[in-house]
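# Structural overview
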Amino acid sequence: MTGIKIAIVCGASCGGCDVSLVNLNEKLLEIAEHAEIVFWHTATDFKLEDLEKVDSIDLGIYIGSIRTEEHLELAKKLREKAKYIVAFGSCACFGGLYGLGNLSEKRELIKTGYLETPSTENPEEKLPGDKITVDSIDITLPSLTEWNMPLNKVINVDFYVQGCPPLSQSIEGFYRLVKDYIEKGIVPERGVAVTGIKTLCDICKRKKPEKIVIKKFRRIHEGPVDPELCFLAQGIICLGPITVAACDGLCINANMPCRGCLGPPPDIIDRAGKFISTIASLVEIEDEKSLSDEELMNIVQKIVDPLGTFHRFTFASGIFDKKQEDVEE
Amino acid sequence: MTDNHEPKIVAFLCRWCAYAGADLAGVSRLEYPPNITPILVPCSGRIDPQFILLALKNGADGVFIGGCHTPNDCHYISGNYKALKRYALLKKYLEQLGINPKRIRLEWVSATEGAKFARVIKEFTEELKKLGPLHVR
């Protein structure tokens, strides 16, 4: 099979995923031999018309989350044309870091970003969606969608490649997927994460005590960190138990706890909910009876920012994916 | 908020204490509001915070958790402590989410405390009536 068409579309993304794609190095050339890249607006000068012109695309790769009307349009157009859609990177899969933007209303975000920050100079108070004239050309920045969304809330997604950005196993899994498709025309079952389902704790080589007991929560900057010992055993929050291991433990090898960029294994519905269960259970385990109920609750509530920590990359795909309005009257 | 709002409460009750307490309240003919939907779980330590989030998302105005008294009543030795610690953290999480943490309530109810069960359900229902319906968006 020769000459498949690939389109790479970029939504709300930092560009790291594009770099990660380029990091395929020679493998990218192998792919390029059998494939034609019909759209990749981060790499070369493609316009939306170029995507519209193509009759059909075999593989559509979407990078980033959905945050503007333009992203929405691009994603829908891509779904229309593409046989298979790959959500590439944690933003496309779960909403990513940008998902935490859902803790603020759209108008608050725009106000801060376009009017209030000290480095902003916007005397006419032009906001996304307003027409601006530059050198007698009218330009309109796309307006923001109400909320940040992962790709699968907008269109059907066939495959997920997690990671922020996807590295090692993720990117290899992705490469195999594309290669098998090019050479043999086979595709795995839909919805499969190409990264596998093992968690980081499964592959972690740090020493783990028989029982992990947390007496006190500690943040990474508070005192020395034992590079050999499990982070949780030291009272440092590490998202290893609920994170897919497709990173070869880059962070934990550098003595930094896992932040969970690869997302949860597939059987977890809400990551924060699950991790609340995990982390709270470890507090003073088997020694609870020496403390009063209030003392125990106090230790657990010492965790700073549970939402931002447990849901750092996945808030937009959680059970509650946005700020709720439930104020006491 | 509205006076005639009847809150929906999902009540996770442990098989050994709280559910038996609810049973006792029933056979003792104690009156308490019919707003709860009891769900029998083997132990309060079996209640995954995801269950509570799903309940709130899917129409419950409040979630009640009933377990055995600390320190020594739990049939599985420390399940009630697991529930307690998760509950404490979940409250903080809900606050960050913008959901009033009073919408979840944990109580220890033993098998002999039918009266307590009726009382806390009554209190909780009143509290939720004051809070009004939970509008999920």
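This structure is a prediction, so every number in the text was calculated from the model and none was measured.

## Some remarks on the overall build of chain A
- Across its full length, chain A carries twelve helices and nine strands.
- For a compact globule of 329 residues, the expected C-alpha radius of gyration is about 20 Å, and chain A comes in at 22 Å, within 12% of that figure.
- Its C-alpha atoms put chain A at 70 × 55 × 35 Å along the principal axes.
- Buried positions account for 41% of the 329 residues belonging to chain A.
- In chain A, the share of contacts with a sequence separation of at least 24, taken over all contacts with a separation of at least 6, comes to 74%.

## Things to note about the overall build of chain B
- Tallying secondary structure elements over chain B gives four helices and four strands in all.
- For chain B, the N- to C-terminal ordering of α and β elements is β-α-β-α-β-α-β-α.
- In summary, chain B has a C-alpha radius of gyration of 14 Å against a globular reference of 14 Å for 137 residues, a match within 12%.
- Summarising its shape, the C-alpha atoms of chain B cover approximately 40 × 35 × 20 Å along the three principal directions.
- In chain B, which comprises 137 residues, the share counted as buried stands at 56%.
- Residue pairs in contact within chain B that sit at least 24 positions apart in sequence constitute 80% of those at least 6 positions apart.

## What about the interface of chain B and chain A?
- Each side of the interface is counted separately: chain B has 30 residues, and chain A has 30 residues.
- Mapped by element, the contributors of at least two residues to the side of chain B that touches chain A are helix 2 (49-57) and helix 3 (79-97) of chain B.
- At twelve residues, helix 3 of chain B tops the list of elements feeding residues into the side of chain B that touches chain A.
- When grouped by side-chain class, the residues that make up the side of chain B that touches chain A number 16 nonpolar, seven polar and seven charged.

## Brief notes about the domain arrangement of chain A
All names here are of chain A.
- For chain A, the assigned domains are domain 1 (4-98 + 146-184) and domain 2 (200-317).
- For domain 1 versus domain 2, the separation of C-alpha centres amounts to 32 Å.
- Between domain 1 and domain 2, the residue contacts involve 17 residues of the former and 14 residues of the latter.
- Sorting the residues of the side of domain 1 that touches domain 2 by element identifies helix 5 (90-94), strand 8 (144-149) and helix 7 (168-184) as the ones contributing at least two each.
- The class makeup of the residues in the side of domain 1 that touches domain 2 is seven nonpolar, ten polar and no charged.

## As for the sheet that holds strand 4 (residues 104-108) of chain B
All names here are of chain B.
- Strand order in the open sheet formed by four strands is 2-1-3-4, and the pairing between neighbours is parallel. Each end of this open sheet is capped by a strand with a single partner; those strands are strand 2 (36-41) and strand 4. Averaged over all neighbouring strand pairs, the angle between strand axes comes to 20°, with direction disregarded.
- Inspection of the sheet shows strand 3 (residues 62-67) paired to strand 4 by five bridges, in the parallel sense. What sits directly across from Val63, in strand 4, is Ile104.
- Helix 2 contacts strand 1 (9-14), strand 3 and strand 4 of the sheet and is inclined by roughly 150° relative to strand 3.

## A look at helix 2 of chain B
- What helix 2 of chain B keeps buried is the set Pro49(B), Phe51(B), Ile52(B), Leu53(B), Ala55(B) and Leu56(B).
- Buried residues belonging to helix 2 of chain B abut helix 10 (271-282) of chain A together with strand 1, strand 3, helix 3 and strand 4 of chain B.
- Gly59(B) lies just past helix 2 of chain B and shows a positive phi near 115°.

## A closer look at the environment of Asp55(A)
- With respect to the secondary-structure elements, Asp55(A) resides in the loop between helix 3 (48-53) and strand 3 (57-63).
- With 27 residues separating them along the chain, Asp55(A) and Ala82(A) place their C-alpha atoms 9.3 Å apart.

## A few points about the nonpolar core
Residues and elements named next belong to chain A.
- Grouped together as the largest cluster of nonpolar side chains are 132 residues, with contacts concentrated most on Ala7, Val9, Tyr62 and Ala87.
- If you count residues domain by domain, this core takes at least three from each of domain 1 (4-98 + 146-184) and domain 2 (200-317).
- Apart from the residues within four sequence positions on either side, Ala7 is in contact with Val38, Phe39, Leu51, Ile57, Gly60, Leu78 and Ala82.

## Some points on the sheet that holds strand 9 (residues 159-161) of chain A
Residues and elements named next belong to chain A.
- Taken in spatial order, the five strands of this open sheet run 2-1-3-5-9, and their pairing is parallel. The sheet is open, and its two edges are formed by strand 2 (35-40) and strand 9, each paired on a single side. Between one strand axis and the next, the sheet turns by 25° as a mean value, whatever way the strands run.
- Here strand 1 (residues 4-10) pairs with strand 3 via five bridges, running parallel. The residue bridging Ile8 from the neighbouring strand is Ile61, located in strand 3.

## So, the environment of Asp58(A)
Residues and elements named next belong to chain A.
- For Asp58, the position within the fold is in strand 3.
- C-alpha separation for the pair Asp58 and Lys47, spaced eleven residues apart in sequence, amounts to 19 Å.
- Once residues within four sequence positions are removed from consideration, Asp58 is found in contact with Ile4, Lys5, Ile6, Lys83 and Tyr84.

## Regarding unusual backbone geometry
Residues and elements named next belong to chain A.
- Following Cys164, the chain continues to Pro165 via a peptide bond in cis, the omega torsion being -10°.
- Note on placement: Pro165 falls in the loop between strand 9 and helix 7.
- Although it is not a glycine, Asp135 sits at a positive phi angle of roughly 50°.
- Tracing the chain through its elements places Asp135 in the loop between strand 6 (131-134) and strand 7 (137-140).

## Points about the pairing of strand 6 of chain A
- Sheet analysis places strand 6 of chain A next to strand 7 of chain A, joined by four bridges and oriented antiparallel. From the neighbouring strand, Ile132(A) faces strand 7 of chain A, where its bridge partner is Ile139(A).

## Looking at the environment of Asn298(A)
- If you trace the backbone, Asn298(A) turns up in helix 11 (residues 293-300).
- Along the backbone, Asn298(A) and Ile171(A) are 127 residues apart, and their C-alpha atoms lie at a distance of 42 Å.

## Some words on the pairing of strand 3 of chain B
Residues and elements named next belong to chain B.
- By the criterion of burial, strand 3 is predominantly enclosed, with six of the six residues buried.
- Of the two faces of strand 3, the one holding Gly62, Phe64 and Gly66 and the one holding Val63, Ile65 and Gly67 are both buried throughout.
- In this structure, strand 1 lies alongside strand 3, joined through five bridges in parallel fashion. Residue pairing across strands places Ile9 opposite Gly62, the latter belonging to strand 3.
- With respect to chirality, the unit in which strand 3 leads through helix 3 into the neighbouring parallel strand 4 is right-handed.

Rules and cut-offs
Residues numbered from 1 in each chain as written. Chains lettered and ligands numbered in written order. Predicted model: local features only at pLDDT ≥ 70, side-chain atom pairs only at ≥ 80, totals over all residues. Helix = DSSP H or I, 4+ residues; strand = E, 2+ residues; numbered from the N terminus. Rg over C-alpha atoms; globule rule 2.2 N^0.38 Å. Buried ≥ 20, exposed ≤ 12 C-beta atoms within 10 Å, placed from the backbone. Contact = placed C-beta atoms within 7 Å. Nonpolar A, V, L, I, M, F, W, Y, C, P; charged D, E, K, R; others polar. Domains from an automatic or database assignment. Pairing = 2+ DSSP bridges. Axes fitted to C-alpha atoms, helices over the stretch in contact; angles between N-to-C directions. Core = buried A, V, L, I, M, F, W, Y, C linked by C-beta atoms within 7 Å. Right-handed = clockwise from strand over helix to strand, strands pointing away.

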